[in-house]
Each structure stands twice: as structure tokens, then as C-alpha cells.
Amino acid sequence: MRGSQTPGLVFQPNVYHAMQRGIQQMVDAIRPTLGPTAGGVAIDPIHTTESLPEFLDDGGLIARRIIELRNRDVDMGAMLVRSLLVRQSEDMGDGTATTAVLLEAIFQAGVRYIAAGGNAMKLRRHLESAIPNLQDALAENSFRIAGEEQLKRVAASLCNDDEMADLIGESFDLIGEYGRLEIREDYGRTLRREYVQGTYYYSGAVSSALFPEGSANRSDMDNTSVFICNFEINDHRELFPVLKAAHEAGISSLLIITTNMSDAAVSLLTTNNSRMDTFKVMAVKLPGLNATDRIQAMEDISLLTGATPLIKEAGDTLERVTTGHFGKARRIWVDKRTFGLVGGRGDKRKLIAHLERLQRFYHTTHDHEERERARKRIGNLQGGSVTLWVGGFTETEIALQKSLAERTRQAMYLAMQGGVVPGGGIGLLACRQALQQQAKSTRDTDERAAYNILIEALAAPARTIWCNAGYDPSEVMAKLQHKRPAIGFDARSGLMINMADEGIVDSLLLMQSCVRNAISTAALALTVDVLVHVSNPEMIGKPE
Amino acid sequence: MMANERIDVGVVYALASSEAGRLYAARATGLYGSDDNGASWQLVPVADVANYVATAVATSGNTVFAGTHGAIMRSEDDGQSWSLIGLAKPAPLVTALALSPTFDAAGVAVAGTAEDGVFVTGDGGLTWVPWNYGLIDLDVHAVAISPNFSGDQTIFAATETGLYRSANGGRSWQRLVLSTGQAPWLALAFFDGTLLVGSENGDLLQSDDLGESWQAVDLGQWQGKAINQIVAMDAVYVLAEDALLRLGPDLTEATRVEAFLQQTPLAMLPRPGGVIVGFAEGDLMAFNL
């Protein structure tokens, strides 16, 4: 009955008190996950049938699991942080703990300043106006990464698992910044990687009956022609024009990519395959979960192979098939769940132009999903991919390892795309110098306060990392005062080292995102003066 | 300059010489060897293989590699005995071979193919693995390995639609964006650390920084003629479609050494005092320089 104990409107100073508590509680739940010696968080099982708690070390997932806090006022602050971290996790894949501790440090210091008479709106404006300067300062300290050894070191600093780092670093050396790295659960107990040649899709044969006898549900075809359409082929007679055109073109093996195929149509193909030694046909489903995916897959496959797709929406019919509709690939494989193409014979100049268009789109779009889709398409068209198989002794261990590998993969994409800055919080610490100069040069009290708040807050991630590793942050900070900016404290070894040289780095884009998200959210939260609880949650959905 | 030898036995795709001085010619009718500096050529018997086409040849010391359809032939005793190493199916046609400068120690070599990209060996040619990450165009015409390969791990592949560079020993490739567009690149060579590339359109480019930046080489009146091969000797020699050209020391001035009016030269090999040129029409001719 908590809802009824909370007034509908909450005013200052109760708003700040509640927001502080909510932000603090949420951030405290995620704080242990920051750094190379981070701890985990155990969460009650979601399903009552599960007996073991869920062990998490991913700030984004932890935030997602915290659905609400008991006190509705405090919950407001917590949910503000939650929504930010979930978005951060979805957009960037990582950086949630850094964002959380930054946000908390800025908000707490901001509240103190406002309580002492500062102007919240002005403070917000000055905090937000510092974001571009901070992002520039980060960029000035950034550098590009390349080469297997450097990539391995960077991966190691991101996942703190040497075996995983070796495999991920090696994989990224192969696939590059857009490449396709699949991460899958394995039945084995260790990590392993598999190189896959060519382009493949998660879409298999329309029927197991099409596989040759004794082939273990796999078909490999050389120098195969490719036909693509987005029709459902329901009547076997619809295939006649396709097969006739293939015969006219002298095709000896054909892959039909179609939305679906009836049993009768499949029977026609199996009959053909059993009777014809000189002409084999395989059919797979057009890849993609939705119309957009399917259209894009058709476009990509047609560019790869040189096939001209027949599109239902364009009024095409199978009766119009000619020999010119067929594309070709050097090698094709099909199994129950996937099919792949190697050495497509499409026009390479068109394919390169297509890749350049996708790359431009990737770098200019602000839509996260569209960007990811573009990256996957680029990666898939590069001619190869790597699959990392993640094993372990228990399901929990496998799930944790897989989650870690996925976050590392995402961070590696960002690191390769935008470069890296010294890690362990040192990249953020190095930005303080730029702010200190700006603080000195301004006469505006609120502006100076904003800079000072940020100067202090930028140390929060590093302090948290040191604290999580069992060191006294003040002591470490004092030692660092006399070191060069590139020097940082390695929380694992307890030594002062050159972070960049040792491969302890953070992605520039990730750090810029952390800074932007933390400051803008904290600045917004500082200007909240009233909380309004619109209804009693217990009443929602109850019958009258 | 004058031709002093002529044999007409199939298209000559490539030429090479071993440390002991034996010359090899990869031809449409097989691999030929010459022990008399090109005066006479004999078909090299390769294991039990008969009627094969040899499309590429490269040597290091007394180790000889020759490319054919679906396989690479390997000899460690200057062509006395051969082993045949099959490549992954469908059978690729080997179009180019290059051995690393430290091949004897590291065993790294690269083979370009007509439709299947690049195959790399790291064990002296006993096994060849296709590594084509990023190689959008698998139609490879030429390959070249950096003179400082042990340090920079850099390999170049010239393809039908562009030039590709690998900075990790041929395991993955990056397309280089050149001002000349997506021309078919046919020839690659290193001269004193400078990379030279020649295209079917007659563009000749040089790079002093492993492909990071490029400068065009002006071939004067021979600009626009397909460049089939580039060979670095005391100077750079460019085998254009109708002439053999020599570049000046600073790679700026081209002078014609020999004109080919009736035949298309495809391959060239330095020899004492001159070069041997192989033609599409099947001739092998020696020229004094």
C-alpha cells in the first residue's frame, strides 16, 4: 500500500533528497562492476522455478533488472538512471558503470552547489555547454589501434580475460572494424573460434528432402547459379519457367532463394535431383525476419552473385524468368539453418559502390538499429567472418562469458571505428586540464561552478576502479599528481604504468558517449523541482 | 637490342630463375626449364602429371613453385623432383606467386588465383590456405610481398577491380582507394622499397609508404598502354603492351628499350646483360640491354 502513503506532489527540498537517494541506490548497484577487478551482482531469479540467483557483471543488464524501488519518490531518481543506462547499453554496448558514477558525482555536487544558493538553470546550461569541449579534449588524447598484438591488448583491457582477449583481438585483426564476429554458446568447456569463408545467412533449406542422401543435411555445390525471388512458390508448375530458363542457360546446379515453397514444388525438385545427374537444384528460404531484412538480403545477394531478383511488389512473376536473371557463385553450401556463398560472380564495381554507400550510411545515421544493420551488412559482404564459440562448466558461466564477449565485441567495434584513449579512467582525468583552464578564465560564478563540478566528477570513474580493486583512491590520486598525464594506475598490478603502451584503453566513442549522457542527464535532473505521482500503481489495471 | 632466341610453345605467363641459374617459364603447355640461359627450353616433368598448364612460377634459392589449375607444384631441388599440393575445391587457377624475402627461414608465400582470391602458406608451401577477408574481388592478377615482410607483414594483391593490401601476412585485406579508380591492376613490383603498380589502362603509380600515398609516374607517349609486368633490376623496366620501357633513377622519365609490334609481351625475367621476354603468342625472346 506504499502508493497511498506518498503524496501526489513532492516539492523541494524533498525532490533533491529523493532523487539523490534514488540515483545513489541505482549507481551503488552498478558501481562494483567498474574496472578490471570488478565484482558481480547477484539478483533474485526472474522465474520462481529457478533456484539460483542470477549473477551479473553488466551494468546495463543490472539496471534493466531493477524494475522499481519501494519508495516512489526515490524510485523517480533510480528510474532516471535506469533509463539512461539501458539506453547507453543498447546504443554502445558498454560504458554503463562509467556513465553511472559520472552522473552521480555530477548530480551530488550539483545539488550541493544549488543548496548553497547556486542557480540550477544556469548550472545546467554551463554543464551542457562543456560537453563539446570535453569530447574534444578526449579526442585530442585518442589514437588509432591496429595490428593483432595491439588489438589483443585492447581486448584484454576491455574484457580482463586473456584467453578471450587473444581470440577477439585475433578475430578483429582479420575482420576489421565492420567485420562479422558471431558469438555463440558452445557445449565445450573452453573458448574456440572458427573462421568462415564467404557470406552466409541464417536461413536454411526449404526442406530436408532436398539434401542428397547420406549428406548429413548439408549440400555443397560448386560453380552454382543463383535465382532469387520473394514469392511463395505454392504450385510446382510455377517452377517450370525457372527450370526451363536454367536448362536453356546450360546450368548444371542451381540455388533457388525464395520466401517459401510448397511440398509439391519441393517434390518436383527432389524428383529432378534424383533423376537428373547433370542438373541439381537446391532451394533455401529468403533470409530475414521482416520485409526490410528480406529486401536488403535480396539486394546484397544479387550484388554478390549478379542475379536479378524478381520482386512480387514490383509486379514480377516467375513466368518472366530469363537466363539473365541468374547469378553465379564459385561455391555454395546449404544446411538446415544456414546457407553461404563464396566467390559470387556479381559486378565487383557495383558491389564496392554498394559497400561504400553502406559505410557512408553507417557513419552518418543516428538511428542505432539502422547503423547496426548497416554494419552487419558490410561485415557480411566482406567475404568472411569469425564465430567465437563460448563454452563453460555451467550454464551461468557460459551466459556470463557470452555476455562479456558480446560487450567486448561491441567495444572493439567502437574502438576500431573511433580510436581509443588511455583507460582505467585516465583518459577522463586528462580532460580536467582543459576544464581547469576554462574555470580560471571565466568570471561567471555558475560557469566556474560547473567546471569545478565536472573536474571533480571526471575523477570519479578512476577513483571507483581503484576502490573496487582495494586501493585508497586518495592515496593513488596523490601519487598520480606528480606523474605525466599518460601515466595511470593499473588496478590489477598495483603499478604506475603508461596505460596506452600497456594496452589499457577505452574506446573514444564510448567515453564521449558516457560523458555526454552522464552530464546531460545529471544536468536535467538538477532542474527538477517537483515530482508528480499521477496515480496509485496498485490501482492500475484493476477492474472497477 | 635484338632478339636472339625464339621458341613457340604456348602462351608464356610467367618467368623465374633459381639460385643455381636455371630458368623457368610457366606456359600454357606446362612448365619449361632452361639450363643454358634461355638458349633452349625443355618441358619439366612434374610427378605423374601430364598435359598441364603452368600459369605462374616463382623461386627462392633452389625451391621452385609453379601454379597450375587446382594445385601448386613444389620442388626443393631446382626442378629435379616435384610434389603437387592441391588447393581447396572448386579447383582454382593460380595466376600469380610471390615468396617472402625470408622464405627460406619463415616459409611464407602467397598465390593469387583467377576466381578464388589469395592462398597463403606459412610452412614453406606444404599447405595452402585461402585467406580472403576483405578481398572483395577474388580475381587476382598479381601479388607482391614487402621487402621488409618480416617486420611489416605487408602483402599487396592486384585484382580486376582494384588494389588490396594486407598488413597481417595475407590473412585479411583492405582495398586501397586510388585516384585512378577501379582499374584492373596487372603488375606489382618493389624497387628500393618503393612499390610500383601498373594497370590495364596504362596507369603506373608509385608509393614510398606501402600504399598510404601514391604518385603517378608519367610514361610520356607510352601512357595509356596496358602494363603487363614491372621488373626491378639496376633500373625499373616496364613491360607495356607494345614496348619495353626503362624508367630513370628517380622514376620520372621513361625511355623505350624495345618495341613489340606484332606480339603481346606478358612476362619478363632479368638475366646477365639483358632480359628474357615471354609473349602471349608463345615466343620467348632474349634482349640485351
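Please read all numbers here as calculations on a predicted model, not as lab measurements.

Please set out the overall build of chain A residue by residue, giving values where relevant.
Across its full length, chain A holds 20 helices and 19 strands. Looking at chain A as a whole, 55% of its 544 residues are labelled buried. Counting only carbon and sulfur atoms, one obtains 49% of the accessible surface of chain A, whose full area is about 24,700 Å². Where the 60 positive side-chain charges of chain A centre and where its 67 negative ones centre are 3 Å apart.

Describe the side chain of Arg432 of chain A, and please don't skip the residues or the numbers.
Residues and elements named next belong to chain A. Tracing the backbone through its elements, the reader meets Arg432 in helix H16 (residues 432–441). Here Arg432 occupies a buried position and makes no salt bridge, while the nearest side chain of opposite charge, Glu456, is found at 4.8 Å. Beyond its immediate stretch of four places on either side in the chain, Arg432 contacts Ile455, Leu458, Ala459 and Met477.

So what about the sheet that holds strand S12 (residues 129–130) of chain B? Which residues, and what values?
All names here are of chain B. Strand order in the open sheet formed by four strands is S9-S10-S11-S12, with antiparallel pairing between adjacent strands. Strand pairing shows two members of the sheet lacking a second neighbour, strand S9 (94–99) and S12, which therefore form its edges. As paired elements, strand S11 (residues 118–121) and S12 share two bridges and run antiparallel to each other. Its bridge partner being in S12, Val120 is matched across the sheet by Val129.

Lay out the packing of helix H2 (residues 14–30) of chain A against helix H4 (residues 72–92) of chain A in plain terms, naming residues and giving numbers.
Packed helices, taken two at a time, are described by their axes: the angle between them and the distance between them. Residues and elements named next belong to chain A. Contact geometry for H2 and H4: axes closest at 6 Å, N-to-C directions at 45°. Classed by the angle they form, the pair H2 and H4 counts as oblique. In terms of crossing hand, the pair formed by H2 and H4 is right-handed. Two secondary-structure elements touch here, H2 through Ala18, Met19, Arg21, Gly22, Ile23, Gln25, Met26, Val27 and Ile30 and H4 through Asp73, Val74, Met76, Gly77, Ala78, Met79, Leu80, Val81, Arg82 and Leu85. The residue inventory of the contact of H2 with H4, partitioned by class, reads 13 nonpolar, three polar and three charged.

I'd love a proper account of the interface of chain B and chain A, names of residues and values included.
The interface of chain B with chain A comprises 25 residues on the first partner and 25 residues on the second. Both sides of the chain B and chain A interface together cover about 2,000 Å² of buried area, and 51% of this is carbon and sulfur. Two residues, Arg175 of chain B and Glu356 of chain A, come together in a salt bridge whose shortest N-O distance is 2.5 Å. On the surface where chain B and chain A come into contact, there are 12 residue pairs in polar contact (both at pLDDT 80 or more). For the side of chain B that touches chain A, the class distribution of residues is 12 nonpolar, six polar and seven charged.

Give a detailed account of the confidence of the model for chain B, specifying residues and quantitative values.
Considering every residue of chain B, the mean pLDDT works out to 91; 97% of them sit at 70 or more. Scored below 50 in pLDDT, residues 1–8 of chain B shows 32 contacts in the model against residues more than four places distant or in partner chains.

Can you break down helix H10 (residues 263–275) of chain A residue by residue, with the values?
All names here are of chain A. For H10, with 13 residues, the first-to-last C-alpha span of 18 Å sits near the 18 Å given by 1.5 Å per residue. All of the buried residues along H10 are Ala265, Val266, Leu269, Asn272 and Asn273. The arc that holds every buried residue of H10, seen down its axis, measures 120°, which confines them to one face. Looking at H10, the residues exposed on the side facing more than 90 degrees away from the buried face are Asp263, Ser274 and Arg275.

Can you explain the nonpolar core? Please cite residues and give values.
Residue and element names in this part refer to chain A. Membership of the largest hydrophobic core comes to 104 residues, with the highest contact counts inside it found for Phe227, Leu254, Ile256 and Met261. Among the domains, domain 2 (148–188 + 383–418) and domain 3 (201–346) are the pair contributing at least three residues each to this core. Beyond its immediate sequence surroundings of up to four residues, Met261 is in contact with Val206, Ile233, Leu239, Ile256, Val266, Leu269 and Ala283.

Talk me through the pattern of salt bridges; I want residue IDs and the actual numbers.
The full count for this structure, using the stated rule, is 28 salt bridges over all chains. For Arg31 of chain A, the salt bridge identified is with Glu104 of chain A, shortest N-O distance 2.8 Å. One end of the pair, Arg31 of chain A, is in the loop between H2 and strand S2 (41–43); the other, Glu104 of chain A, is in helix H5 (residues 96–115), with 73 residues separating them in the sequence. Via salt bridges that share partners, Arg330 and Arg345 of chain A together with Glu115 and Asp116 of chain B belong to a single interconnected network.

Give me the lowdown on the sheet that holds strand S18 (residues 194–199) of chain B, citing residues and values where you can.
Residue and element names in this part refer to chain B. With antiparallel pairing, the four strands of this open sheet are ordered in space as S17-S18-S19-S20. Taken across any chain shown, the strands that pair with only one partner, and hence form the sheet edges, are strand S17 (185–191) and strand S20 (215–216). One ladder, built from two bridges, connects strand S19 (residues 204–207) with S20; its direction is antiparallel. Bridge assignment links Gln206 to a residue of S20, and that residue is Gln215.

Pulling in residues and values, what's your account of a nonpolar patch on the surface?
Residues and elements named next belong to chain A. The grouping of Leu9, Phe11, Val530, Val532 and Val534 at the surface amounts to a nonpolar patch, some 470 Å² of accessible area in total. Every element with two or more residues in the nonpolar patch is listed here: strand S1 (9–11) and strand S19 (530–532). Mapped onto the elements of the fold, Leu9 is located in strand S1.

Quick notes on the rules
Numbering of residues starts from 1 in each chain and follows the order in which that chain's sequence is written. Think of it this way: whatever chain is written first is A, whatever ligand is written first is 1, and the rest follow in order. Only residues with pLDDT of at least 70 are given local features in this predicted model, and only at 80 or more are side-chain atom pairs given and counted; all residues enter the totals for whole chains, interfaces and linings. Side-chain descriptors were evaluated using all non-hydrogen atoms of the structure, hydrogens and water having been removed beforehand. Under the scheme used here, helices are H or I runs from DSSP no shorter than 4 residues and strands are E runs no shorter than 2 residues, and both carry numbers assigned from the N terminus. Note on exposure labels: buried denotes an accessible area under 20% of the residue type's maximum, exposed denotes more than 50%, and partly exposed covers the range between, all computed with a 1.4 Å probe on protein chains only. The method behind every accessible area is Shrake-Rupley, applied with a 1.4 Å probe, and residues are considered shielded solely by the protein chains displayed. In summary, the charge assignment counts Lys and Arg as positive and Asp and Glu as negative, without counting His or the chain termini. By convention, the charge on Lys lies at NZ, on Arg at CZ, on Asp at CG and on Glu at CD. Any carboxyl oxygen of Asp or Glu that lies within 4 Å of a side-chain nitrogen of Lys or Arg is treated as forming a salt bridge with it. Throughout, a residue-residue contact means that at least one pair of heavy atoms, one from each residue, lies within 4.5 Å. Think of it this way: DSSP has to see at least two bridges between two strands before they count as a pair. Note on method: axes are straight lines fitted to C-alpha atoms, helices fitted across the in-contact stretch only, with angles between N-to-C directions ranging 0 to 180 degrees. Just so you know how the angles are binned, under 35 degrees is roughly parallel, over 145 roughly antiparallel, 65 to 115 roughly perpendicular, and the rest oblique. Should the near helix be turned anticlockwise from the far one by less than a right angle, the crossing is left-handed, and should it be turned clockwise, the crossing is right-handed. As a working rule, the residues Ala, Val, Leu, Ile, Met, Phe, Trp, Tyr, Cys and Pro are called nonpolar, Asp, Glu, Lys and Arg charged, and the rest polar, with Gly in that last group. Note: buried area is the sum, over both parts, of the accessible area (probe 1.4 Å) each one loses when the two are combined. Definition of a polar contact: a pair of N or O atoms within 3.5 Å, with one able to donate and the other able to accept a hydrogen when the atoms are protein atoms, and with sequence-neighbouring residues admitted only if both atoms are side-chain atoms. Values of pLDDT, the confidence the predictor places in each residue, fall between 0 and 100. To estimate the expected span of a helix, count its residues, drop one, and scale the result by 1.5 Å. To be clear, the arc concerns the directions from the helix axis to the C-beta atoms. Only buried residues count toward a nonpolar core. Its members are Ala, Val, Leu, Ile, Met, Phe, Trp, Tyr and Cys residues joined through side-chain atoms within 4.5 Å. Throughout, the edges of the domains are those of an automatic or database domain assignment. Residues enter a patch when their relative accessible area is above 30% and they make no salt bridge; the linking distance is 9 Å between like charges and 5 Å between nonpolar side chains (Val, Leu, Ile, Met, Phe, Trp, Tyr).

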